[in-house]
Amino acid sequence: MAKSNMDQDILKVLVTEDEIHARIRELGDQLYDRFHDKNPMFVGVLSGCFIFMADLVRAAQLKSEVEFIGLSSYKNATKSSGCVQITRDLQRDISGRDIIVVEDILDSGNTLAFLKDYMLAKGAKSITIVTLLDKPARREKAITADLSGFVVPDEFVVGYGLDYCQQYRNMLYIGVLKPEVYSK
C-alpha cells in the first residue's frame, strides 16, 4: 500500500488502525447486548462520524435503521465556537425510538449537549451516545458518552473521520496534527 502524503503533517500516532478496529468490535458487542431485542436507530453526526459509524453499525449486527444529522460548531477552526447550528436536519421521525448517537469525538460537549436536548424535544424514547474519542480536558458542558472508544489528551487529533479544514478524514489511524499545519 502506498504511503500517505498526509503522514508528513502528523506529529505522532495516538491510536493505530488495529487498535481502532479491535475497540470497535468491542463497542459493537456492547451495543448488541444492549439493543438486540429492540429496533434502534443509529444517528450519525456528519461529517466526522461516517467512517466510524459504518464500522460500528457492521460490528453491532443489529436490526436497525441509519439516519444522519449535520451539526456545526467549529467552522474550520480548532476550537468550538460554542454556537451549534443544524446544517442537515433529520429526515425521519424519531419519536418513541431508541436512538444511538454516533459521534467522532466528545470534546467541549456543546454539540452533543445540543443534540441530546434536540432529540428529546423531538420525542426520542432513549438516547445512547457512542463516541470514537473522548477528550475530557476540553469539556464545557456536563455531558458524557455512554460508550467511548478512546480517551485522548488535549491535542488536535485527525484521522479516521476527524478532520482539519475537511482534510485528513481518510487516514487509517488517529494522529496528532503538527501545530504548524493549523497555525499558518
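Since the structure is predicted, the reported quantities are computational estimates derived from the model, not experimental observations.

Novice: Got a sec to walk through the overall build of the protein? Specific residues and values, please.
Specialist: Check the secondary structure of the protein and you find 4 helices and 9 strands. Its helices and strands taken in sequence order, the protein reads β-α-β-α-β-β-β-α-β-β-β-β-α from the N to the C terminus. The globule rule puts the C-alpha radius of gyration for 184 residues at 16 Å, and the 16 Å found for the protein is close to it. Each of the three principal axes of the protein carries a C-alpha extent, and together these read 45 × 35 × 25 Å. The buried share of the protein, reckoned over its 184 residues, is 49%.

Novice: Lay out the pairing of strand 9 (residues 174–177) in plain terms, naming residues and giving numbers.
Specialist: When strand 1 (residues 10–15) meets strand 9, the two strands line up antiparallel, connected through 4 bridges. When the sheet's bridge partners are listed, Val 13 is paired in strand 9 with Gly 175. Where strand 8 (residues 157–158) meets strand 9, 2 bridges bridge the pair, whose relative direction is antiparallel. By the bridge assignment for strand 9, Val 157 is matched with Val 176.

Novice: Go over the side chain of Asp 9 with me, naming the residues and quoting the values.
Specialist: Secondary-structure assignment places Asp 9 in the segment before strand 1. Beyond its immediate chain neighbours, meaning those up to four positions away, Asp 9 contacts Tyr 168, Val 176, Leu 177, Lys 178 and Val 181.

Novice: With reference to specific residues and values, describe the packing of aromatic side chains.
Specialist: Enumeration over the complete set of coordinates arrives at 4 aromatic pairs. Measuring from ring centre to ring centre gives 6.0 Å for Phe 114 and Tyr 118, while their planes differ by 10°; the resulting arrangement is stacked. Placement of the pair is Phe 114 and Tyr 118 together in helix 3 (residues 110–121), with a separation of 4 residues, close to one helical turn. The exposure class of Tyr 118 is buried, given its relative accessible area of 18%. Linked through ring pairs, Phe 156, Tyr 164 and Tyr 182 together constitute an aromatic cluster.

Novice: Would you mind going over the side chain of Lys 135 in detail, with residue names and values included?
Specialist: Topologically, Lys 135 is positioned in the loop between strand 6 (126–134) and strand 7 (147–151). A relative accessible area of 2% means that Lys 135 is categorised as buried. Residues within four places of Lys 135 in sequence aside, it is in contact with Ile 105, Leu 106, Asp 107, Val 152, Pro 153, Asp 154, Glu 155 and Phe 156.

Novice: Describe the nonpolar core, and please don't skip the residues or the numbers.
Specialist: If you look at the biggest cluster of nonpolar residues, it comprises 27 residues, and the most contacted ones within it are Leu 31, Phe 42, Phe 52, Leu 56, Leu 132, Leu 133 and Ile 174. Sorting the residues of this core by element identifies helix 1 (17–35), helix 2 (50–60), strand 5 (98–106), strand 6, strand 7 and strand 9 as the ones contributing at least two each. Per-element tally for this core: the top contributor is helix 1, with 5 residues. Residues in contact with Phe 42, not counting those within four places in the same chain, are Leu 31, Met 53, Leu 56, Val 57, Ala 60, Leu 62, Ser 64, Glu 65, Val 66, Glu 67, Ile 100 and Val 102. Val 84, Leu 90, Leu 115 and Ala 145 belong to the second largest nonpolar core, which has 21 residues in total.

Conventions and cut-offs
- Residues numbered from 1 in each chain as written.
- Predicted model: local features only at pLDDT ≥ 70, side-chain atom pairs only at ≥ 80, totals over all residues.
- Heavy atoms only, no water.
- Helix = DSSP H or I, 4+ residues; strand = E, 2+ residues; numbered from the N terminus.
- Rg over C-alpha atoms; globule rule 2.2 N^0.38 Å.
- Buried < 20%, exposed > 50% of the residue type's maximum accessible area, 1.4 Å probe, protein only.
- Pairing = 2+ DSSP bridges.
- Contact = heavy atoms within 4.5 Å.
- Phe/Tyr/Trp six-rings, centres within 6.5 Å; stacked < 30°, edge-to-face > 60°.
- Core = buried A, V, L, I, M, F, W, Y, C linked by side-chain atoms within 4.5 Å.

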